[in-house]
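Topology and contacts: notes
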Amino acid sequence: MKNEAAETAAATEPDARSRFVERFAGQLVEAGMPRMPSRVFAALLASDSGALTSAELGERLRISPAAVSGAVRYLTQQHMVTREREPGTRRDLFRVHGNQWYEALGNRDSVLKRWEDALREGVGAVGADTPAGRRLGETLAFFEFIQGELAGLMDRWRAHRKTLGLD
């Protein structure tokens, strides 16, 4: 009876993992991430190794090689996944790291800077004293605030991560 329960638990684990992947991917989609990259990211996050080949991703998610390719291209551009070469083969391995959120958020600094530059230009184009200029100016102030806070937030996360024994 004990072995039967263990076998049942082992048999349902892939189903539970698959349900988690789809549920978490759905949350990422609701937050604005494209569907396929969300599913691939969630599958990598839920894999024991944190790394899967293109073929493994396709098999787990029941998606085409082209869908995997597009998803990992998006995820690597967003610094959420890295591409590595599987030792001794010509196959690529896609890896999500334990600090992927830190990396992804930390790499937003250049995006925020570009948005700030564009908003400054916009304020100049429409005039700072117009309703549009005030709206753009407030948006600019918000992004400047976020960028300033982000550095301190990342420092606090690194310190907190150490207290959790993750470094």
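Description of the structure in this document. Bear in mind that the values here come from a model prediction, so they are computed numbers and not experimental data. (Residues numbered from 1 in each chain as written. Predicted model: local features only at pLDDT ≥ 70, side-chain atom pairs only at ≥ 80, totals over all residues. Heavy atoms only, no water.)

**Section: the sheet that holds strand β1 (residues 51-53)**
The condition that has to hold: In this scheme, strands are said to pair when DSSP sees at least two bridges between them. Runs of E in the DSSP output that reach at least two residues are strands. Runs of H or I that reach at least four are helices, and both are numbered from the N terminus. As a rule, the C-alpha atoms of each element are fitted with a line to give its axis, helices using only the stretch in contact, and angles between N-to-C directions run from 0 to 180 degrees.
Here we have 3 strands laid out as an open sheet, ordered β1-β3-β2, and antiparallel in their pairing. The two strands at the open ends of the sheet, each matched to only one other strand, are β1 and β2 (82-85). Recorded for the sheet is a direction-independent mean angle of 35 degrees between the axes of neighbouring strands. Pairing of β1 with strand β3 (residues 92-95) involves 3 bridges; the strand directions are antiparallel. By the bridge assignment, T53 is partnered in β3 with L93.

**Here's the deal with unusual backbone geometry**
Note the following rule: When a residue's accessible area, from a 1.4 Å probe over protein chains only, is under 20% of the maximum for its type it is buried; when over 50% it is exposed; and in between it is partly exposed.
Although it is not a glycine, R62 adopts a positive phi angle of roughly 55 degrees. Take R62: it is sitting in the loop between α3 (54-61) and α4 (65-77). R62 sits in the exposed class, given a relative accessible area of 75%. The phi torsion at H79 lies on the positive side, around 60 degrees, for a residue other than glycine. Here H79 lies in the loop between α4 and β2.

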